[in-house]
Amino acid sequence: MARATGDLAAELELTSQPEFDFGPHWNIAPTTAVPILLERTDQGQQLRELHLARWGLLPRWAKDLSFSARTFNARSETVTQKPAFRDAVTRRRAVVPVESYYEWRTETDGDGKARKRPFAVRPADGSLMLFAGLYEWWKDPAAGPDQNPWLLSTTILTTSAPQGTNGPLNALQQLHDRTPLALSWEDARAWMNPATLDRAVVETLLEEMQDRLPAVTAGWEIYEVSAAVGNVRNNDAALAVPLTS
């Protein structure tokens, strides 16, 4: 996320300014902080807010932070049944705004050895991607008396890569068989609805959003980038530059 926090807040039409400054990042790894968009009701007023959350959901019964290392993604097809996600998906839905993301394609070279090549995926017009997500508040049992024990965490929903005949869809499917569940603004508003929803209602909403995914991804572009993105300590604008050789 290279956008300044203020610019991001204006684009997302927040009801209040965020209380943090999320500096430019080009290489964000699971279990680190990411901005998430959520809506809540306070005294009858619906608020839209941007928060920082640990990328890797921590359900309230998780024993420690290490649990989040395996919950940074949630399969949309089973999210309503999995114990780590089934409560949040009915009560605490969020949107994760993203400028681009990296995906690795595994290929086999002439010697039969597997080789991975990184690619960037982003909207060609520079607009934001809006990924369906969940959030949870987790109380850290190891927090000291002078520490705030509450930690906000999130996960990003994934789905099968859409099938299609146009360039972006074919390229996306060839890159990986899974993709984040990207939303239109209309679907993002419906997904962030702070009301508690029955699982059946959520499942129907998810099916409808998956059906609309080809339209959402139609304006995306995919290009190869430097293998330097494989090291999370690398974090500069050069990572997002198309590879020319």
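What counts, and at which threshold
Residues numbered from 1 in each chain as written. Predicted model: local features only at pLDDT ≥ 70, side-chain atom pairs only at ≥ 80, totals over all residues. Heavy atoms only, no water. UniProt positions renumbered as here; feature names shortened; annotations may be inferred. Helix = DSSP H or I, 4+ residues; strand = E, 2+ residues; numbered from the N terminus. Expected span 1.5 Å × (residues − 1). Buried < 20%, exposed > 50% of the residue type's maximum accessible area, 1.4 Å probe, protein only. Arc of directions from axis to C-beta. Contact = heavy atoms within 4.5 Å. 1 Å grid on protein atoms, 1.4 Å probe; cavity = no way out; pocket = protein on both sides within 12 Å on 5 of 7 lines; lining within 4 Å. Points joined across faces, edges and corners; volume = space filled by probe spheres on them. Nonpolar A, V, L, I, M, F, W, Y, C, P; charged D, E, K, R; others polar.

In the nomenclature of an unreviewed UniProt entry, the chain corresponds to Abasic site processing protein from the organism Nesterenkonia massiliensis. On record in UniProt, under Sequence similarities (unreviewed entry), the comment for the chain is "Belongs to the SOS response-associated peptidase family."

Caption draft 1: Layout of helix α5 (residues 199–211). Along its 13 residues, α5 runs 18 Å from first to last C-alpha, staying within 8% of the 18 Å computed at 1.5 Å per residue. Within the span of α5, buried status applies to Val202, Leu205, Leu206 and Met209. Buried residues of α5, viewed axially, fall in a sector of 100 degrees; they line one side. Across α5 from its buried face, at more than 90 degrees, point the exposed residues Ala200 and Asp211. Buried residues along α5 sit in contact with α2 (88–91), β4 (93–98), β8 (150–160), α4 (185–191) and α6 (213–217).

Caption draft 2: Seen up close, the layout of surface pockets. Roughly 1100 Å³ of internal volume is contained in the largest pocket. Listing elements by their share of the lining of the largest pocket, those giving two or more residues are β1 (33–42), β3 (73–75), β4, β5 (101–108), β6 (114–123), β8 and β9 (178–180). If you tally residues by element for the lining of the largest pocket, the top one is β5, at four residues. A class-by-class count of the residues in the lining of the largest pocket yields 25 nonpolar, 10 polar and six charged.

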